[in-house]
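The primary structure of each chain is shown beneath.
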Amino acid sequence: MRFDQLTVIAVFCATSSTHAALEAIPDRPADILATYCLDCHDADVQKGEINLDFLEIDWSDHDAQFHWERVLKAVRSGEMPPEKKKTQPTKEEREVLVSWIDQQLMEHTTTGGTVARRLNKTEYLNTLRSIFGSWVQLPEGFPADDFDHGFNTVGESLLVSAPLLKAYKETAATIADEIFPPERTTPKPKKYVIPADELVISYSSGSVRDGAMRLGIRAESMSRSCTWPQKVELSHSGVYEIQFDASQFSPQSDEPMELHVYARDVSGSDGVGVSTQRLLKSFSITEESPRTFSFEAELYEGQTIVFYWADAPLDSDRDALEEYFRERFAADPKFLAGWQQIEHSQGLRGGSGWERVKKIMRDPELDLSEATMESEATQKRLNLIRQNTVLYMETVVFDHFENGPAMEIHGATIRGPIKIIDGPREQQRNRMQRNLMGQQEDRTEEEWVHEMMERFLTEVFRRPVEKKTVTAYTQLIARHRAEGNSLENGLHLAVRTALISPQFLFRETKPGKLDNYDLATRLSYFLRGKAPDDKLLRLAEQGKLTNPENLVAEAERMLGKNPPSDFVESFTSQWLDTRLVEEIMPDPRFGMNENNLRSLSEEVEAFFTEMLRENRPMTDFIDPDFLYTTSAVAQKVYGLKKGFNKNSRNVQRVEIERGGRYGGILGKSAVMLVTANGVDTQPVMRGVWVLENVLGNAPPPPPNAVPAITPDTTGANTPRDLLLAHASEESCAGCHKKIDPVGFALENFDPVGRWREHYPVYRKNKQGRRVIVDGPPIDATGTLPDGTPIRDITDLKRWIVENIDQFSTCLSEKLLTYATGREPNYSERKEIQDVVRTVSDENGGFRDLFLALVATDIFRTK
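Keep in mind that what you see is a predicted model, and the values were worked out from it rather than measured.

Engineer: I would appreciate a short explanation of the packing of aromatic side chains in the present structure.
Structural biologist: For any pair of aromatic rings, the description rests on two quantities: the centre-to-centre distance and the angle between the ring planes. Going through the model one piece at a time under the given rule, you end up with 53 aromatic pairs. Where Phe325 meets Trp339, the ring centres are 5.3 Å apart and the plane angle is 85°; that geometry is what we call edge-to-face. Note that Phe325 is positioned in helix α8 (residues 318-331) and Trp339 in helix α9 (residues 333-341), a separation of 14 residues in sequence. The same class applies to Phe325 as to Trp339, namely buried.

Engineer: In this structure, what is going on with the environment of Leu493? I would like to understand it.
Structural biologist: Relative to the helices and strands, Leu493 resides in helix α16 (residues 487-498). Residues Leu493 and Tyr473 lie 20 residues apart in sequence; the distance between their C-alpha atoms is 9.3 Å.

Engineer: Hey, could you run me through a negative patch on the surface in this one?
Structural biologist: A cluster of acidic side chains, namely Glu441, Asp442, Glu446 and Glu447, defines a negative patch on the protein surface. With respect to the helices and strands, Asp442 occurs in the loop between α13 (424-437) and α14 (445-461). For Asp442, a relative accessible area of 74% puts it in the exposed group.

Engineer: What is the right way to look at the nonpolar core in this model?
Structural biologist: In terms of nonpolar packing, the biggest core is built from 92 residues, with Phe526, Phe567, Trp575, Phe621, Val694, Phe807 and Phe846 touching the most fellow members. Sequence-distant contacts of Trp575, defined by excluding residues within four places in its chain, comprise Phe151, Phe608, Phe621, Ile665, Asn693, Phe807, Leu811 and Lys814. If you look at the next biggest cluster of nonpolar residues, it comprises 45 residues, including Leu125, Leu138, Ile179 and Met437.

Engineer: Please clarify how the sheet that holds strand β7 (residues 226-227) should be interpreted in this entry.
Structural biologist: The pairing of strands in a sheet comes from backbone hydrogen bonds and takes either a parallel or an antiparallel form. The strand order β7-β12-β9-β10 describes an open sheet built from 4 strands, whose pairing is antiparallel. At either end of the open sheet lies a strand with only one pairing partner, and these are β7 and β10 (278-285). The pairing of strand β9 (residues 257-265) with β10 spans 7 bridges and is antiparallel. Bridging from a neighbouring strand, Glu258 pairs with Ser284 of β10.

Engineer: Hey, could you run me through empty space enclosed by the protein in this one?
Structural biologist: Once rolled over the atoms, a probe with the size of a water molecule shows which space is left empty. Across all of its chains, the model carries 3 cavities of 30 Å³ or more by this definition. The volume enclosed by the second largest cavity comes to roughly 60 Å³. Sorting the residues of the lining of the second largest cavity by element identifies α2 (27-36) and α5 (91-108) as the ones contributing at least two each. Broken down by element, the residue count for the lining of the second largest cavity peaks at 3 residues, all from α5.

Engineer: Looking at this structure, I do not really get the pairing of strand β6 (residues 212-215). What am I missing?
Structural biologist: For a regular strand, the rule is simple: side chains alternate between the two faces of the sheet. Covered by surrounding structure in β6 are Ala212 and Arg214 together with Met213 and Leu215, the residues of both alternating faces. Alignment of strand β5 (residues 206-209) against β6, held across 4 bridges, turns out to be antiparallel. Within β6, the position partnered with Arg209 by the bridge is Ala212. Hairpin connection between β5 and β6: a loop of 2 residues separates the two successive antiparallel strands, and Asp210 in this loop has a positive phi of roughly 50°. Relative to strand β13 (residues 406-420), β6 runs antiparallel, the two sharing 3 bridges. Considered in β13, the bridge of Met213 is made with Ile409.

Engineer: Would you mind going over the packing of helix α6 (residues 121-132) against helix α7 (residues 162-179) with me for this structure?
Structural biologist: For any two helices packed against each other, the geometry is given by the interaxial angle and the distance between the axes. One can describe the packing of α6 onto α7 by two numbers: an axis separation of 13 Å at closest approach and a directional angle of 15°. Relative to α7, the element α6 lies roughly parallel. The two elements α6 and α7 cross, and the hand of that crossing is right-handed. Between α6, through Tyr124, Leu128 and Phe132, and α7, the contact on the second element is made entirely by Tyr168, Thr171, Ile175 and Ile179. Across the contact of α6 with α7, the residue classes break down as 6 nonpolar, 1 polar and no charged.

Engineer: Even after reading the chapter, I still don't get the layout of surface pockets, so can you show me in this structure?
Structural biologist: In this model, the second largest pocket occupies a volume close to 900 Å³. Contributing to the lining of the second largest pocket are 39 residues, with Glu569, Ser570, Ser573, Arg579 and Glu582 lying nearest its centre. For the lining of the second largest pocket, the elements supplying multiple residues, two or more each, are α6, α18 (516-528), α21 (565-575), α22 (594-613) and α29 (804-820). Here the residues of the lining of the second largest pocket are counted per class, giving 12 nonpolar, 11 polar and 16 charged.

Engineer: Explain the pattern of salt bridges here, please?
Structural biologist: Per the counting criterion, the structure on display carries 59 salt bridges. Residue Arg557 pairs with Asp533 through a salt bridge whose shortest N-O separation is 3.2 Å. In this pair, Arg557 is assigned in helix α20 (residues 548-559) and Asp533 in the loop between α18 and α19 (534-541), connecting sequence segments 24 residues apart. The partly exposed category is assigned to Asp533, whose relative accessible area is 23%. Between Glu692 and Lys814 there is a salt bridge; the shortest N-O distance is 2.4 Å. Of the two residues, Glu692 sits in helix α25 (residues 683-693) while Lys814 sits in helix α29, which places them 122 residues apart along the sequence. Relative accessible area serves as the criterion here: at 8%, Lys814 is assigned to the buried category.

Engineer: Would you mind showing me how to read the confidence of the model for the protein chain here?
Structural biologist: Any residue range with low pLDDT should be treated as having predicted coordinates unsuitable for detailed reading. Of the residues in the protein chain, 94% reach a pLDDT of 70 or more, and the chain-wide mean stands at 92. Segment residues 14-19 is flagged for pLDDT under 50; beyond a separation of four residues in sequence, or across chains, it makes 1 contact in the model.

Engineer: Can you help me understand the packing of α29 against helix α31 (residues 846-854) in this one?
Structural biologist: Where α29 meets α31, the axes come as close as 11 Å, and the angle between the chain directions of the two elements is 45°. In terms of orientation, α29 lies oblique with respect to α31. With respect to the hand of their crossing, α29 and α31 are arranged in right-handed fashion. In this structure, α29 uses Ser808, Leu811, Ser812, Leu815 and Leu816 to contact α31, whose residues at the interface are Phe846, Leu849, Phe850 and Leu853. For the contact of α29 with α31, the per-class residue count stands at 7 nonpolar, 2 polar and no charged.

Engineer: I would appreciate a short explanation of α9 in the present structure.
Structural biologist: Each α-helix turn comprises 3.6 residues. Residues three or four places apart therefore point the same way. Within the sequence span of α9, burial applies to Phe335, Leu336, Ala337, Gly338, Trp339 and Gln340. Looking at the buried residues of α9, the elements they touch are α8, α10 (350-362), α11 (376-387) and α12 (389-403). The N-capping residue of α9, defined by a side-chain oxygen 3.1 Å from the backbone nitrogen of Lys334, is Asp332.

Engineer: Please clarify how unusual backbone geometry should be interpreted in this entry.
Structural biologist: Most of the time, phi is negative for any residue but glycine, and the peptide bond is trans. For the bond from Met80 to Pro81, the omega torsion is -10°, close enough to zero to count as cis. By the element assignment, Pro81 lies in the loop between α4 (62-77) and α5. A cis amide bond, omega 5°, links Gly416 with the succeeding residue Pro417. Examined against the element boundaries, Pro417 turns out to sit in strand β13. Even without being a glycine, Glu441 presents a positive backbone phi close to 55°. Position of Glu441 relative to the elements: it lies in the loop between α13 and α14. The backbone of Asn615 sits at a positive phi, close to 55°, despite the residue not being glycine. Mapped onto the fold, Asn615 is located in the loop between α22 and β15 (626-629). Asn615 gets classed as partly exposed once you look at its relative accessible area, which sits at 25%.

Engineer: Just checking my understanding: could you explain the side chain of Ser812 for this structure?
Structural biologist: Topologically, Ser812 is positioned in helix α29. Of the residues examined, Ser812 reaches a relative accessible area of 0% and is grouped as buried. Only 2.7 Å separates the side chain of Ser812 from the backbone oxygen of Ser808, close enough to count as a polar contact. In contact with Ser812, not counting residues within four places along its chain, are Ile832, Val836, Leu849 and Leu853.

Engineer: Got a minute to help me understand the side chain of Thr856 in this structure?
Structural biologist: Mapped onto the elements of the fold, Thr856 is located in the segment after α31. Relative accessible area serves as the criterion here: at 3%, Thr856 is assigned to the buried category. Excluding residues that lie within four positions of it along the chain, Thr856 makes contacts with Leu816, Glu831 and Val835.

So, how was this worked out
Residues numbered from 1 in each chain as written. Predicted model: local features only at pLDDT ≥ 70, side-chain atom pairs only at ≥ 80, totals over all residues. Heavy atoms only, no water. Phe/Tyr/Trp six-rings, centres within 6.5 Å; stacked < 30°, edge-to-face > 60°. Helix = DSSP H or I, 4+ residues; strand = E, 2+ residues; numbered from the N terminus. Buried < 20%, exposed > 50% of the residue type's maximum accessible area, 1.4 Å probe, protein only. Patch = residues over 30% accessible without salt bridge, like charges linked within 9 Å, V, L, I, M, F, W, Y side chains within 5 Å. Areas by Shrake-Rupley, 256 points an atom, 1.4 Å probe, with all protein chains shown as cover. Salt bridge = Lys/Arg side-chain N within 4 Å of Asp/Glu carboxyl O. Lys, Arg positive; Asp, Glu negative; His and termini not counted. Charge placed at Lys NZ, Arg CZ, Asp CG, Glu CD. Core = buried A, V, L, I, M, F, W, Y, C linked by side-chain atoms within 4.5 Å. Contact = heavy atoms within 4.5 Å. Pairing = 2+ DSSP bridges. 1 Å grid on protein atoms, 1.4 Å probe; cavity = no way out; pocket = protein on both sides within 12 Å on 5 of 7 lines; lining within 4 Å. Points joined across faces, edges and corners; volume = space filled by probe spheres on them. Axes fitted to C-alpha atoms, helices over the stretch in contact; angles between N-to-C directions. Parallel < 35°, antiparallel > 145°, perpendicular 65-115°, else oblique. Left-handed = near helix turned anticlockwise from the far one by under 90°. Nonpolar A, V, L, I, M, F, W, Y, C, P; charged D, E, K, R; others polar. pLDDT = per-residue confidence, 0-100. Polar contact = N/O pair within 3.5 Å; in protein donor to acceptor, adjacent residues only side chain to side chain.

Structure follows, in structure tokens:
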């Protein structure tokens, strides 16, 4: 039976079921709601977009659960009914309502429930590469993933669109083509004619003079010593006939010059070493008149030829170059004087530099009094030559281009292929075919194909496959064979069919507790973003991963001494939004260049890595005694003057005092940047960001009718003035009571995280130029919802440290959302709180908490 796998995917994604669980609200909670809530939250008024005017509730509805959880939070905290309401529930009434909602939520929000989750783009590519090799690339325009709850791993956002289905099909066909390409035909030989002026000049590696390419340097780097055709890239691997004309130019001895001809990949870097290339043949060039040389050699698809003067007297080695100049200086006082008197600068480099040296040498009044090997000027110049090898080498080579000795290439031709061979690409295909197909030995083709498919599908589907699945694929191949196609064509069809199967594209599809193979998959994609390794699969086969201790031990193994960098980069960039750094270009007045901006995410990743590697206390996320930064950012942003290597451009660890402005995630330049707009700070954005990502108490979206707040860059009003007017609206006040104190506590940080005491105001001076002057002083004070007064960021950090379990719970929820592909529900959050409390009571650190989360029912359930 034929089937279209892409149709299967669409049906698979669309299939869902709902089970209504309508329950009437009991009399006592209903009376309390009617007495204290319905005058503001009935079907007509719905303040804050909350409607409590129900007789019964469908607790199976996710939106209803979220709705009543908001109600529970507001009632439990005392936020609702608001203080201005004269009629307030008694303590007993409040407890009755809280208890009823809590009981209902616990009963109806059971563990698990991730929707069918496909591999995201990164996981998909990593998985393909783990199966087939690093050569796999996704087609141009492959659709990007959406983000939900901050992450691109959440099942609800991993939709399957028509463009994505098309991209899956194209990728599968490309991979199948690479393993089982169409049968090769021998191409007609082609002749490439390469005149000297179509040979590459890279830096000062050569120069075209009198119709010939002159080479004058030997160096390990191809770009500084070699030449090759500009327009030749062979399209077939084969044996080629290579012919070229070469000669000596102004030799200084009767010794032959040695010319090497190499093969190189056109797509490779020009700066790689000559010695890393494949030597085709060596030649002795003995005559000053052009002589034709020819030979046959194997060249591969995508390659061309390279010419290299292997024994040139001008050598880029530091010691050799110094000795070269010593000999030239000793033999020619004018040459020495010219180099003594030339100004040392980057402008000395290349042909223009050599022209300046020559001009000095030609001066009839040239002073030769210091032109001795013993003079101080000579020794100073020799030291500069040792320190600036490339600069002097690429200048003096022009003397060789003009006066010799040099090697001349007058032109070349390449003809072929005269015979087809297997190049690296074909050899790779052969290896992939052998890995997939194995040896038939004494089996029938049917037995061989069945064993082949069972092995392949087990790897692709990340678990043992059922016999009926293997049979379906073998029958697919058999039908294709019966239609007159080759076995390879049948396998081509099977490979591309498997790669668009839901069993490959989706993971953890069975409801309830995850089995051993799904646990292996979840853990591996969580920590490494790719399919499980052999050890995980072996433990799954042995049935050991459903034991939480074994699962945690595997998580410990995979974390290793240093957590996987791909996990750290992926998680932190989404949790803290540092993935947005590259999208924001701060105003130039902040002085942040591209190198500074590039290092900001690296700071966060290095900090998170140490927290996890060293099992540091959770309070260090907020107020540590260290930070990671570069020398430039340390001084420019954090105002640090010591404690780091000022000569290093790399991110480095810097010790700081606790209790200060910087240190921890709230003082990170990257965080300040992504919570601003590159020009102005935005207290509301920063406040919401902290509530969402640090305190786990995100406010609901603003009502649709609420307008945005526009910053006043003239300084007529401070952000606090603007927000006070905005927050006076009744529909806004409740949320801003939580948002604003946190946002203003961060106002001393400018849009890139530098400390400031005043808002900047832009004025024009007497010359009409725009200048920045100190505007109103920044007021970072506020009162947190629990009544705690704060003066600035240091007080906010102190409060979070004193309530660190709230942050730990928030981070735990983020980790489990990222890992499981769903936001934890009410009952799951209670389990998280229990885990956080247990780790805290045992004085555990971040690594302890991380591993404890892996052992939770939340992690181990779909």
